[in-house]
Amino acid sequence: MTGEWMGYVAAILTTLSFVPQAVKTIRSKQTNGLSLLMYLTFTVGIGFWLAYGIYLMSWPMIIANIVTLALSLTILGLKLRYG
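Residues numbered from 1 in each chain as written. Predicted model: local features only at pLDDT ≥ 70, side-chain atom pairs only at ≥ 80, totals over all residues. Heavy atoms only, no water.

**What to know about the nonpolar core**
Among the nonpolar cores identified, the biggest contains seven residues, and these are F18, A22, L34, Y39, L71, I75 and L76. Taken together, the elements giving at least two residues each to this core come down to α1 (3-28) and α3 (59-82). The leading source of residues in this core is α3, at three residues. Apart from residues lying up to four places away in sequence, F18 is in contact with Y39, F42, T68, L71, S72 and I75. (Core = buried A, V, L, I, M, F, W, Y, C linked by side-chain atoms within 4.5 Å. Buried < 20%, exposed > 50% of the residue type's maximum accessible area, 1.4 Å probe, protein only. Helix = DSSP H or I, 4+ residues; strand = E, 2+ residues; numbered from the N terminus. Contact = heavy atoms within 4.5 Å.)

**So, the side chain of T25**
Here T25 lies in helix α1. Of the residues examined, T25 reaches a relative accessible area of 1% and is grouped as buried. The residues contacting T25, other than those within four sequence positions of it, are Q30, T31, L34, I75 and L78.

**Side note on the packing of helix α2 (residues 36-56) against α3**
At a minimum axis distance of 9 Å, the contact between α2 and α3 shows a crossing angle of 160°. Classified by the angle their axes make, α2 and α3 are roughly antiparallel. Viewed along their axes, α2 and α3 form a crossing whose handedness is left-handed. A per-class count over the contact of α2 with α3 returns 18 nonpolar, six polar and one charged. (Axes fitted to C-alpha atoms, helices over the stretch in contact; angles between N-to-C directions. Parallel < 35°, antiparallel > 145°, perpendicular 65-115°, else oblique. Left-handed = near helix turned anticlockwise from the far one by under 90°. Nonpolar A, V, L, I, M, F, W, Y, C, P; charged D, E, K, R; others polar.)

**As for α3**
The end-to-end C-alpha distance of α3 is 34 Å, a good match for the 34 Å that 24 residues give at a rise of 1.5 Å each. After α3 finishes, the residue G83 shows a positive phi value of roughly 70°. (Expected span 1.5 Å × (residues − 1).)

**Examining the packing of aromatic side chains**
Summed over all chains, the structure comprises five aromatic pairs. An aromatic cluster is built from F18, Y39 and F42, whose rings are joined through pairwise contacts. (Phe/Tyr/Trp six-rings, centres within 6.5 Å; stacked < 30°, edge-to-face > 60°.)

Below, the structure written as structure tokens:
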């Protein structure tokens, strides 16, 4: 397995691990148990990971972080809207 394939496996697993929480939050709009500070920090961090992936031209990092950033922004928006 090359380093590139390890990146794809890591990207798929970490992104997929975030999907159930995102789907549950999007469907229920229940955000009272979520930390606003955590999601702000997480979303900014994912933005930096995406920028770093672009800098490295690492497609596993770019794809995974685009998906995770979109989900995180959605949850952050729901947290801000529904508190």
